[in-house]
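Working through the structure, step by step
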Amino acid sequence: MNITYQAKWLIPLTLLINAAAMLSPVINGGDSIIYAALSQHIALTNDWANLVLDGQDWLDKPHMPFWITAVFFKIGGISAFTYILPGFLFHLIGGYFTYRIARLFYERETAWLSLLVYVSVYHLMDSSIEVKAETYLTGFIMGACYYWLRYDAQTKIKYLLLGALLSACAVMTKGVFTLITISSGLVCMWLYRRQWSKLWNWKWLLALVLSLLFTAPELLALYLQFDMHPEKLVFGQTQVSGIRFFLWDSQFGRFFNTGPIKNTNGHPLYFVLVFLWAFLPWVAVFVAAMYSGVRKFFARSVEERSSFVFLCGAFFVTFLLFSATSFQLDHYTVILFPFAAILCGKYLHDWWGQKRSGRAIFFVQLAISILLVVLALALSAYVADAVVLAVVLAMLVAVLEYAFAMRRQIRVSAVMVYPVFGIVMLYTFLVLTNALTFTSSSVAHNADAQLAGKPRAPIYVYQMDIVARELGLYNRSPSYAVEDAAQLPASGRYYLLVRETQLAQLHLAHAEQVGQGEWVVRKTGTFPRFLRLAKGTEPLEDIRIMQVDNTH
């Protein structure tokens, strides 16, 4: 059996299922709503310099992801789909350059296998729909690495400009630390080859200078919003420099935990534990790839050894830096998974070529596949949603039919095909359950549905700030978060979303109820809470939609 053929049909199948999650009408909670609201402000006001959230200046992430999303909002309108779409496209861009880098180093078959691993890694699939900064960053970093590899081999202006542009875009997405990830593989490869002169060669100094020059739009935007207005109150103080925050506090300040945004809960093994679930179903393959790569290092050609050093350098340097800091979030390491995918692709290609070896990886991958399938079935049975259970059971039938038809090819199926089926089944359960649960229980989505067809008026949301932001993304009327009754308008007509338990204390005059529901305010939380919400056993809150008319 040709394993490349297997990869070529598994890749579009996995991407199709991954992309189906974009059809959910609800934007996931937490950071996604904040990022969408920031992009919405840009799209509606054409103010491309200022990041504004709830009417206040916002200083945290650089502008690039919000600029990109704002462009899609202006083209396709503001919706959950147009928020997710650019992130998914950058997921595809990351996959394209993963393939191109693998093709630079290895055979075409290895490149296809690397791409298969990339598109089926759980956290990469999830991030493509959650759409955090790392989703865009993966595309920029892999593109920059590809063109710098080409520039290293051939000094062409095309490679210089594209490498510098993509590097600058990465910096404008997450900060200057991204240059470490982009350059670490090359530097490690130069050191291995003893090409010391490249560390201070004029062509690479030019590349660095050009990359920094291309970040001028970000520096200009920060200057216009903050440095030009030292009177603005940010982080509880004035005289805040946006450029300093971008170059230092958001990077080194977080690394050393000395900046205005802190996290003291870090642990040196945190990302190792994250990797065990985030890189499913290929964790065992990655471990085997590292063991094989180190054990057979000197038996390989000089070029293969250089490629291995590049990929390990690109992965482990940043991984160790992340592990050394106390500011740790699980999605940080997503940007490193493409390099791990290429290492896995190389191992799978070599494993297939050695027909009588690799029994251990056969049994481990088969066990992981069974575990993922059982987990998807068990969770579906626990949630007991008829639609989810029917879809997962239909996928199980398809897997069993494939297993019967390909029973003579159990070796490649167990190591490569069944793990993809298993993770796709689990992913389908998670995204389908998420969409169905929050379509029926999200305050913002259901309030927008109940307000449809009613006369337009401003919407005020009482002590539910995240709901106000999300509702503003779905409804054409402006939505405002209020924390105190004194902030409500004294005249005019408006709608008010309020918990039933808080309604009496507002003493509303000329108010009538126009909507109501048992909904969930905070969509984020622990996985057990998510399952209880899906099952219908988690307590919901009674939310009332009031129409207040003070025009009398």
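The following refers to the structure shown. What you see is a predicted model, and the numbers here were worked out from it, not measured in a lab.

On to unusual backbone geometry, then. A cis amide bond links Leu280 with the next residue in sequence, Pro281, at an omega value of 10 degrees. On the secondary structure map, Pro281 appears in the loop between helix 13 (270-278) and helix 14 (283-295). The backbone of His510 sits at a positive phi, close to 55 degrees, despite the residue not being glycine. Relative to the elements of secondary structure, His510 occurs in the loop between helix 22 (500-503) and strand 6 (511-519).

If you walk across this open sheet you meet the five strands as 4-3-5-7-6, and the pairing is mixed. Taken across any chain shown, the strands that pair with only one partner, and hence form the sheet edges, are strand 4 (479-482) and strand 6. Across the sheet, the mean angle from the axis of one strand to that of its neighbour is 20 degrees, orientation sign disregarded. Across four bridges, the pairing between strand 3 (residues 459-462) and strand 4 is parallel. Residue pairing in the sheet places Tyr462 in a bridge with Val482 of strand 4.

Inspection of every chain in the model, using the stated rule, returns 46 aromatic pairs. Summarising the aromatic geometry, the rings of Phe271 and Phe322 are spaced 5.8 Å apart at their centres and angled 40 degrees between planes, so their arrangement reads as tilted. In this pair, Phe271 is assigned in helix 13 and Phe322 in helix 15 (residues 302-324), connecting sequence segments 51 residues apart. Across the pair, Phe322 and Phe271 agree in class, each one buried.

Turning our attention to empty space enclosed by the protein. All chains considered together, the criterion is met by five cavities of 30 Å³ or more. There is about 390 Å³ of room inside the largest cavity. Considering the residues around the largest cavity, the lining is formed by 22 residues, among which Lys174, Phe177, Gln251, Phe322 and Tyr332 are closest to the centre. Within the residue set of the lining of the largest cavity, elements represented by two or more residues are helix 7 (133-153), helix 9 (178-193), helix 12 (242-255) and helix 15. When residues in the lining of the largest cavity are grouped by element, the largest group, four residues, is from helix 12.

The final tally for this structure, using the stated rule, is zero disulfides. With no disulfide of its own, Cys145 lies closest to Cys188 among cysteine sulfurs, the gap being 12 Å. The thiol sulfur of Cys188 is not disulfide-bonded, and the nearest other cysteine sulfur, from Cys312, lies at 9.0 Å. Look at Cys188 and you get partly exposed, because its relative accessible area is 24%.

This part is about helix 13. Residues of helix 13 that are buried include every one of Phe271, Val274, Phe275 and Ala278, and no others. Down the axis of helix 13, the buried set is contained in an arc of 105 degrees. They therefore lie on one face.

This next bit is on the packing of helix 13 against helix 15. Where helix 13 contacts helix 15, the two axes come as close as 8 Å, and the packing angle between them is 125 degrees. On the basis of their axis angle, the class for helix 13 and helix 15 is oblique. Two secondary-structure elements touch here, helix 13 through Phe271, Val272 and Phe275 and helix 15 through Phe315, Phe319, Phe322 and Ser323. For the contact of helix 13 with helix 15, the residue count by class is six nonpolar, one polar and no charged.

Conventions adopted
Residues numbered from 1 in each chain as written. Predicted model: local features only at pLDDT ≥ 70, side-chain atom pairs only at ≥ 80, totals over all residues. Heavy atoms only, no water. Helix = DSSP H or I, 4+ residues; strand = E, 2+ residues; numbered from the N terminus. Pairing = 2+ DSSP bridges. Axes fitted to C-alpha atoms, helices over the stretch in contact; angles between N-to-C directions. Phe/Tyr/Trp six-rings, centres within 6.5 Å; stacked < 30°, edge-to-face > 60°. Buried < 20%, exposed > 50% of the residue type's maximum accessible area, 1.4 Å probe, protein only. 1 Å grid on protein atoms, 1.4 Å probe; cavity = no way out; pocket = protein on both sides within 12 Å on 5 of 7 lines; lining within 4 Å. Points joined across faces, edges and corners; volume = space filled by probe spheres on them. Disulfide = S-S within 2.5 Å. Arc of directions from axis to C-beta. Parallel < 35°, antiparallel > 145°, perpendicular 65-115°, else oblique. Contact = heavy atoms within 4.5 Å. Nonpolar A, V, L, I, M, F, W, Y, C, P; charged D, E, K, R; others polar.

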